[in-house]
Amino acid sequence: MASVAALGGLLFGYDSAVINGAVSAVQSHFQADATSLGFAVASALLGAAAGALLAGRLADRMGRLAVMRIAAVLFLVSAIGTGFAPSLSVLVLFRIVGGFGVGMAAVISPAYIAEIAPSRVRGRLGALQQLAIVSGIFISLLVDFIIAEMAGGSGEPFWFGLEAWRWMFLAMAVPAILYGALSLSIPESPRFLIAKHRVSEAKAILTKLVGAANIDAKVERIRETMEREKAPSWRDLKSPNGRIARVVWIGLGLAVFQQFIGINVIFYYSNVLWVAVGFDESQAFVITIISATINIVTTLIAIATIDRFGRKPLLIIGSIAMTVTLTTMSVIFGTAPVVNGSPVLEGAQGPMALIAANLFVVAFGMSWGPVVWVLLSEMFPNRMRAAGLSLATGALWVSNWIITITFPGLKDLSLALAYGFYALCALLSLFFVVKFIEETKGKELEDVQG
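Okay, so let's go over this structure. (Residues numbered from 1 in each chain as written. Predicted model: local features only at pLDDT ≥ 70, side-chain atom pairs only at ≥ 80, totals over all residues. Heavy atoms only, no water.)

Thoughts on the nonpolar core
Phase 1: Grouped together as the largest cluster of nonpolar side chains are 134 residues, with contacts concentrated most on Trp165, Phe169, Tyr179, Leu254, Trp368, Trp397 and Tyr419.
Phase 2: Per element, the largest residue contribution to this core is 17 residues, and it comes from helix 1 (residues 2–30).
Phase 3: The next biggest cluster of nonpolar side chains, apart from the first, holds 9 residues, and it includes Ala202, Ile205, Leu206 and Ile215. (Core = buried A, V, L, I, M, F, W, Y, C linked by side-chain atoms within 4.5 Å. Buried < 20%, exposed > 50% of the residue type's maximum accessible area, 1.4 Å probe, protein only. Helix = DSSP H or I, 4+ residues; strand = E, 2+ residues; numbered from the N terminus.)

As structure tokens, then:
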């Protein structure tokens, strides 16, 4: 059940990174300037932010599974639309449509997993969301690489006379269909069913998940935390004193910091970045795939340790390591000689930059990548989980959009400045975790307070 739900994360990763292999060809084909190119890359994130904000309301009204299926359909439409886009504006439009579906999936997948997972393994099951995201990134980059190699370049004609970059987008139809089909095979969230007074259905599902012992008491405990006099709304995010609940602000902070450390620059622009500092396109593809592979391996480390060591220690370790590696990259790019407006890595600088970039991916993959999704799925009380996760995920996508759309300009201005900013955000994230994050390891969802 958790694996099927986590496929929403695979759509997230695939849609986010597929543009990496196509970005140079798209720029050349449509004669796009740096600003237009940045917007085209980031456009899916605008749709994702809107989809995330809407997903919580839809999930509370229609159910978790209905939202998964809507997301799959939108993603399929996006794959076809971007693959056949006759202009940059049409490509942007269908990127936004796909982003809308991905934003919905990014909210509903961790929420569903948290609501069906026993507390003793909720961390590792919740981390499947990040594993699916990084797997989606890896698969999309690998597919991009294979298509580009077979065609002789991302801008060259491929099957049926369509350019290779178009097939990169069309290939997104496969995970969309898989996600939609498999969502038909899993049951609805028992906590949603209890909220809708479908107690007998919920009890049957919970019995299969956690056993029959004390099942009536568990159902009653859930019912007490889900019971409400009014329909779910954004008002659920307020505490009894009428102010936005403290946990909501903490959730927003986690979401913003996860993106402001610049991880997605590595996966959206790495091909362009490595070409700019002296590698050819084929080498840049290989470097990017290696980084994606490392991301998967380190996410597996997080899955193995998150329920043993807890959420907060992993975040602290990750913040420290990311600060060091990002600072290293900033120094390397800042001291490299500049030729034709771009730094050229000479001697040991190239290998050092590659090592620092991949150690940054390691630090993120074992900490802020999976742990943030786990925390966001379990830190909100039952009555506000869908709304809180929806708002935090919307903030995550907006933050992702800001970082994505500003990087081309920052790259042209100074790579040292760009990575210096990300390093500062990583350092600030350390202080944020130490002061505001409370450990949720082993807690039942019903014991979480807003």
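Moving on from the model shown.
Details of the side chain of threonine 323
Phase 1: Here threonine 323 lies in helix 15 (residues 311–335).
Phase 2: There is a polar contact of 2.7 Å between the side chain of threonine 323 and the backbone oxygen of serine 319.
Phase 3: Sequence-distant contacts of threonine 323, that is, excluding residues within four places in its chain, are made with Ala423, Ala426 and Leu427. (Polar contact = N/O pair within 3.5 Å; in protein donor to acceptor, adjacent residues only side chain to side chain. Contact = heavy atoms within 4.5 Å.)

Topic: the packing of helix 6 (residues 128–151) against helix 17 (residues 368–378)
Phase 1: For the pair helix 6 and helix 17, the least separation of the axes is 8 Å and the interaxial angle reads 135 degrees. Taken together, the axes of helix 6 and helix 17 are oblique relative to one another. For the crossing formed where helix 6 meets helix 17, the hand is right-handed. Between helix 6, through Gln129, Gln130 and Ile133, and helix 17, the contact on the second element is made entirely by Gly369, Pro370 and Trp373.
Phase 2: Grouping the constituent residues of the contact of helix 6 with helix 17 by class yields 3 nonpolar, 3 polar and no charged. (Axes fitted to C-alpha atoms, helices over the stretch in contact; angles between N-to-C directions. Parallel < 35°, antiparallel > 145°, perpendicular 65-115°, else oblique. Left-handed = near helix turned anticlockwise from the far one by under 90°. Nonpolar A, V, L, I, M, F, W, Y, C, P; charged D, E, K, R; others polar.)

Side note on the packing of helix 4 (residues 88–116) against helix 18 (residues 385–413)
Phase 1: Two elements in contact, helix 4 and helix 18, have axes whose closest approach is 10 Å; the angle formed by their N-to-C orientations is 140 degrees. Classified by the angle their axes make, helix 4 and helix 18 are oblique. Crossing handedness for the pair helix 4 and helix 18: right-handed. Contacts between helix 4 and helix 18 pair Val102, Gly103, Ala106, Val107, Pro110, Ala111 and Glu115 from the former with Arg385, Ala386, Leu389, Ser390, Thr393 and Trp397 from the latter.
Phase 2: Looking at the contact of helix 4 with helix 18, its residues break down into 8 nonpolar, 3 polar and 2 charged.

So, the packing of aromatic side chains
Pairs of aromatic rings are described using the distance from one ring centre to the other and the angle between the two planes.
Phase 1: In this structure the tally under the stated criterion is 7 aromatic pairs.
Phase 2: When the centroid spacing of 5.4 Å and the interplanar angle of 50 degrees are considered together, the rings of phenylalanine 257 and phenylalanine 432 count as tilted. Of the two residues, phenylalanine 257 sits in helix 12 (residues 246–260) while phenylalanine 432 sits in helix 19 (residues 415–436), which places them 175 residues apart along the sequence.
Phase 3: When its relative accessible area of 17% is taken as the criterion, phenylalanine 257 is described as buried.
Phase 4: Assessed through its relative accessible area of 12%, phenylalanine 432 is described here as buried.
Phase 5: Ring centres 5.6 Å apart and planes at 20 degrees place the aromatic pair phenylalanine 333 and tyrosine 419 in the stacked group. (Phe/Tyr/Trp six-rings, centres within 6.5 Å; stacked < 30°, edge-to-face > 60°.)

Points about the side chain of serine 319
Phase 1: Assignment of secondary structure puts serine 319 in helix 15.
Phase 2: Exposure remark for serine 319: the relative accessible area of 0% places this residue in the buried category.
Phase 3: Among residues more than four places away in sequence, those in contact with serine 319 are Trp368, Ala426, Ser429 and Leu430.

Topic: helix 6
Phase 1: A rise of 1.5 Å per residue sets the reference length of helix 6, with its 24 residues, at 34 Å; its end C-alpha atoms lie 34 Å apart and thus fit the reference within 8%.
Phase 2: Immediately downstream of helix 6, the backbone of glycine 152 shows phi near 90 degrees, a positive value. (Expected span 1.5 Å × (residues − 1).)

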